[in-house]
Amino acid sequence: MRDFRAFIEACKPTENAKYVASKRIVENGEPVEWEVRAITQAENAELRKKCKRKDPIPGKKGVYNEVVDDIKYNAALVAACTVFPPVNEKDFQDAIGVLSGADAVQKLLLPGEYDEYTMFILELNGFDVGMDELVDEAKN
């Protein structure tokens, strides 16, 4: 019988990572580190499901393609992975005047910071994303 301990180890949660998402957000003169986590594939599947939209197929009345809205998915993924600041807590959202974790992250970060943070989270979750792909997505 083959040893399967490596598979059991792979099922354990990964350690949270630290990331400076913005050099503008400082405490005691130092940039504040954000805490992020990787999600499971089950959580990822739920996010994808919530981010689907129906696009009409040209020339076929009443027929649609179901596709994942990449911009909405990335925003949901970023929010789901952000542990600190507490972007998913209602008190925090109320304090900065937003309605969701995704909105909170987008309000806190400049566009370039947001793209870099998204890339970090994608890599943390095992997606190998090149800069060319992010540039293409940003253009759309």
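Our structure's up above, just so we're on the same page.
Computed from a predicted model, the values in this text were never measured in an experiment. (Residues numbered from 1 in each chain as written. Predicted model: local features only at pLDDT ≥ 70, side-chain atom pairs only at ≥ 80, totals over all residues. Heavy atoms only, no water.)

Moving on, we come to the pattern of salt bridges. Taken as a whole and assessed by the stated rule, the structure comprises 7 salt bridges. Among the salt bridges present, the one from Arg-37 reaches Glu-43, with a minimum N-O distance of 2.9 Å. The partly exposed category is assigned to Glu-43, whose relative accessible area is 30%. Sharing partners across several salt bridges, the network here consists of Arg-53, Asp-55 and Asp-69. (Salt bridge = Lys/Arg side-chain N within 4 Å of Asp/Glu carboxyl O. Buried < 20%, exposed > 50% of the residue type's maximum accessible area, 1.4 Å probe, protein only.)

Now for the side chain of Glu-113. Structurally, Glu-113 is set in helix H6 (residues 111-124). If near-sequence neighbours (up to four positions away) are discounted, Glu-113 is found in contact with Ala-21, Ser-22, Lys-23, Arg-24 and Leu-108. (Helix = DSSP H or I, 4+ residues; strand = E, 2+ residues; numbered from the N terminus. Contact = heavy atoms within 4.5 Å.)

Counting 26 residues, the largest nonpolar core has Trp-34, Leu-77, Val-105, Leu-109, Tyr-117 and Ile-121 as the members making the most contacts within it. The element contributing the most residues to this core is helix H3 (residues 70-81), with 7 residues. Those residues within four positions of Trp-34 in sequence are excluded, and the remaining contacts are Ala-17, Lys-18, Tyr-19, Ala-21, Ile-25, Thr-82, Phe-84, Pro-85, Val-105, Leu-108, Leu-109 and Tyr-117. (Core = buried A, V, L, I, M, F, W, Y, C linked by side-chain atoms within 4.5 Å.)

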